[in-house]
Amino acid sequence: MWDNALPSFLIGLREGLEAGLIVSVLVATLVRSGHRSRLPHVWTGVFAAVGVSMGFGAVLTFTSAGLSGRAQEAFGGALSLVAVVFVTVMVFWMRRSARSFSGEIKEKVTAALGMGSGVLVVTSFLAVGREGLETALFLWTTGQAAGESTGPLIGAGAGLLLATAVCWGLYRRVLHLDLTRFFTLTGAALIVIASGVLGYGLRDLQEGGVLPGAAAYAVDLSGSIDASSWYATLLSGTLNLTPQMTWLQITAYGVYLAVVMALFVRGVRGADAPVATSPAPAAPVSVSVAEPAAPRPAVTPGRRLPRWVLPVAALAVPSLLAGVLVAVGDAKPASATTITVSPAHCGNGFTAPERGRQSFQVRNNGSITVEAYLIDPATAAVYGEAEGIAPGTTRTLIATIGGGSYAWRCVPTSGEAVTSAAVRVTGGSTVKAVLPVTEKGLAAPLAAYRAYVQKGLAVLLTKTRTLQGDIKAGRLDRARQDWLPAHEQYASLGAAYGTFGTFDAQINGTTAGRPGGVKDPGFTGFHRVEYGLWHGESAGSLAPAAGQLTADVTALRKDFPHQDFDPADLPLRTHEILEGTLQHELTGATDYGSGTELATTEANIDGTRELLGLLRPLIDERDPKVSPAVGGWLRRTEQLVLSARRGDGGWTPVGELPADTRRRLDGAMGQLLEELAPIPDLLEIRKAA
């Protein structure tokens, strides 16, 4: 979190100081000119600018949340590039304007006073609003890069608080700030950070399918560096350097940093160079808002470094730091034990390990890829695993060792598994291992779930035909009553979404990513019918959409028995159904007029409960504490959902829930997802058994 805070701290400090200086000069000018009564106009413009900036950040957040995965990547990548452009322009503008900053603001205030109060409000609004919009955009992009918002928000908040304190000190004549030096130093730092944001944005555009080369890696150290380690987190949070980077990222990072830093340094040198034709003394570069600072004493020119030194250093230092940390991260700890594996011999070099957390370097000496597991030989329970070890490569396996028996099991991509001789560790507490799950172990729950879905599709078809009949006969009031049961029936089959393929987009798709919105020809299914029923469309205009819905459900029912269902997807759905519910239904993103998002939420809960019932024997065998915790939060969340059901059988729309109820519902769903999160790992298919 703290690593992700540094870039936002710099932008908060710099943008906050820019906006704060503007406000300070505005206030000081009005006070000293006897227009103290005009101060409320300044604060009106300031607070309006803050509100618009926060609204802009909210628009970015909610716009992104309503997009598909690939569209989110493309959207975030495009805004990252826009943020880089804004930061670059800001850096050069402030470097050029620092010397005349105070005078320009005072001129604007004087002009505004002559034109009326409204102009003064607009002046303060535009002056602060620009900084606010830039800050909101940069914070959003850094939050996307970090994958969380806490660190960036803390960093930005700290920067803004420090900027506020500095501006207050300037206003009270306590501080003198050398603006030229300050904006030069922070500008150089922001150029380095912006180069990382540029690389991150291009990577997003590659993953979103906008740019090619998503798999063309210039650097791929993911097999030897833990992305969650302190050094990887430090580099990622501050410089956006990650263990895996494409050629496009590396090239853009280096070119931007070298070119922009060179131009920046060149401008700094040019601004500092003496002008031979002008005998006037240099303008002061320090600022005190209440009174001008005294001119700086003349400085005897000394020997200057060549212009290429700073840009080369800016490019070399991050690279050198990355190299050092990579070497540290890749270096084998002195206490690590090397274990060799192969399809013929497994666990060579393995002796009874010490108790506690141990690191093993697992090297494949064979000719084909091997998966290695540290197991309990009596039960085949897994203490640790290293998957996909290619020939001639080494992977790190970290496991906690307690009292008990240990052995290595090597599973080649082809051929029989091999198990090493067992060793015994005495003393110490017993460490819990995870019993492996095989495809055979999931076969019975999978068959039962497929039967449940097939039966549910038959019921769904009956209900969609009823809905179609209502619309065809012009009974739109009855159709509005029959729409919800049909949609709830489909929602209760949520765990099968992964196998429905294109049918899901046709039957339950939304307008996300569709340029025509609700009028887009590709917008079909339940939500298309919902929009028409609750927005006054005639039966004649809705009949084709209802007929298409029934046809798609009929085709899905016919196709489902022949669809492949990966057994590994079954445990994943225990978490993903309600994760999608929290993202879509509980935000109101999928409401097209009926206001029945909570009814759909209840149906998704029913679908999750059905799946958990089939998997519970496997879950309880591996961790008996999971099911009771999940069951408790499932009931609590369901009670909050059902409390929104009205006495007439209708449902309160999510947007009309009391704020406290909505917070409690979101909190309960979030905790339920936390309790469900271990299940995919517990039931991950492993070849160690």
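Residues numbered from 1 in each chain as written. Predicted model: local features only at pLDDT ≥ 70, side-chain atom pairs only at ≥ 80, totals over all residues. Heavy atoms only, no water.

Caption draft 1: Seen up close, the overall build of the protein chain. Counting its secondary structure elements, the protein chain contains 21 helices and 13 strands. Residues counted as buried form 47% of the 689 residues belonging to the protein chain. Contacts in the protein chain between residues at least 24 apart in sequence constitute 76% of all its contacts with a sequence separation of at least 6. (Helix = DSSP H or I, 4+ residues; strand = E, 2+ residues; numbered from the N terminus. Buried < 20%, exposed > 50% of the residue type's maximum accessible area, 1.4 Å probe, protein only. Contact = heavy atoms within 4.5 Å.)

Caption draft 2: Structural view of the packing of aromatic side chains. Following the criterion strictly, the structure yields eleven aromatic pairs and no others. Between phenylalanine 350 and phenylalanine 360, the aromatic rings sit 6.4 Å apart at their centres with planes inclined by 65°, giving edge-to-face as the arrangement. Here phenylalanine 360 lies in strand E7 (residues 356-364) and phenylalanine 350 lies in the loop between strand E6 (346-348) and E7, a separation of ten residues in the sequence. Taken together through their ring pairs, the aromatic side chains of Trp483, Tyr490, Phe500, Phe526, Trp534 and Phe560 make up a single cluster. (Phe/Tyr/Trp six-rings, centres within 6.5 Å; stacked < 30°, edge-to-face > 60°.)

Caption draft 3: A look at the nonpolar core. Formed by 61 residues in total, the largest nonpolar core has its most connected members in Ile471, Leu533 and Leu598. Residue contributions to this core peak at nine residues, all from helix H11 (residues 439-472). Not counting residues up to four positions away in its chain, the partners in contact with isoleucine 471 are Leu476, Ala479, Val529, Leu533, Ala539, Leu542, Ala543 and Ala546. (Core = buried A, V, L, I, M, F, W, Y, C linked by side-chain atoms within 4.5 Å.)

Caption draft 4: Up close: the sheet that holds strand E5 (residues 337-341). With mixed pairing, the four strands of this open sheet are ordered in space as E6-E5-E7-E10. Each edge of the open sheet carries a strand with a single partner, namely E6 and strand E10 (394-401). Put simply, the sheet's adjacent strands are angled 35° from each other on average, direction ignored. Bridge count between E5 and E6: two bridges; the pairing is antiparallel. Note that in E6 the partner of valine 341 across the bridge is cysteine 346. (Pairing = 2+ DSSP bridges. Axes fitted to C-alpha atoms, helices over the stretch in contact; angles between N-to-C directions.)

Caption draft 5: The state of the cysteines, seen in detail. Scanning all chains against the criterion turns up one disulfide. The side chain of cysteine 346 participates in a disulfide bridge whose partner is cysteine 410; the two sulfur atoms lie 2.0 Å from each other. Disulfide cysteine 346 to cysteine 410: torsion about the S-S bond roughly 80°, handedness right-handed. Of this pair, cysteine 346 sits in strand E6 while cysteine 410 sits in strand E11 (residues 404-412), and the two are 64 residues apart along the sequence. Here the two residues cysteine 346 and cysteine 410 agree in accessibility, since each one is buried. (Disulfide = S-S within 2.5 Å.)

Caption draft 6: View of helix H17 (residues 569-583). Its 15 residues place the ends of H17 20 Å apart at the C-alpha level, agreeing with the 21 Å of an ideal helix rising 1.5 Å per residue. At histidine 575, H17 shows its largest kink, close to 35°. Within the sequence span of H17, burial applies to Leu570, Pro571, Arg573, Thr574, His575, Ile577, Leu578, Gly580 and Thr581. (Expected span 1.5 Å × (residues − 1). Bend = angle between axes of the 7 residues up to and from the residue.)

Caption draft 7: Just the packing of helix H19 (residues 626-642) against helix H20 (residues 659-676), in detail. Interhelical geometry of H19 versus H20 gives an angle of 160° and a closest axis separation of 9 Å. By the angle between their directions, the pair H19 and H20 is classed as roughly antiparallel. The two elements H19 and H20 cross, and the hand of that crossing is left-handed. In contact with Val626, Ala629, Val630, Trp633, Leu634, Thr637, Leu640 and Val641 of H19, H20 contributes Arg664, Leu665, Ala668, Met669, Gln671, Leu672, Glu675 and Leu676. Among the residues forming the contact of H19 with H20, the class breakdown is twelve nonpolar, two polar and two charged. (Parallel < 35°, antiparallel > 145°, perpendicular 65-115°, else oblique. Left-handed = near helix turned anticlockwise from the far one by under 90°. Nonpolar A, V, L, I, M, F, W, Y, C, P; charged D, E, K, R; others polar.)

Caption draft 8: Region of the structure containing unusual backbone geometry. The residue alanine 380 is not glycine, and still its phi comes out positive at about 65°. Relative to the helices and strands, alanine 380 resides in the loop between strand E8 (370-375) and strand E9 (382-389).

Caption draft 9: The arrangement of H19 in detail. The first and last C-alpha atoms of H19 sit 24 Å apart over 17 residues, in line with the 24 Å expected at 1.5 Å per residue. When H19 is considered as a whole, its buried residues turn out to be Val626, Ser627, Val630, Gly631, Leu634, Thr637, Glu638, Leu640 and Val641. Looking at the buried residues of H19, the elements they touch are H17, helix H18 (597-622), H20 and helix H21 (678-682).

Caption draft 10: Focus on the packing of helix H12 (residues 476-491) against H18. The geometry of H12 relative to H18 is characterised by a closest axis approach of 8 Å and an angle of 35° between their N-to-C directions. Regarding H12 and H18, the two cross each other, and that crossing is right-handed. Along its contact with H12, which presents Leu484, His487, Glu488 and Ala491, the element H18 presents Ala599, Thr600, Ala603 and Asn604. Looking at side-chain class alone, the contact of H12 with H18 contains four nonpolar, three polar and one charged residues.

Structural measurements only, silent on function.
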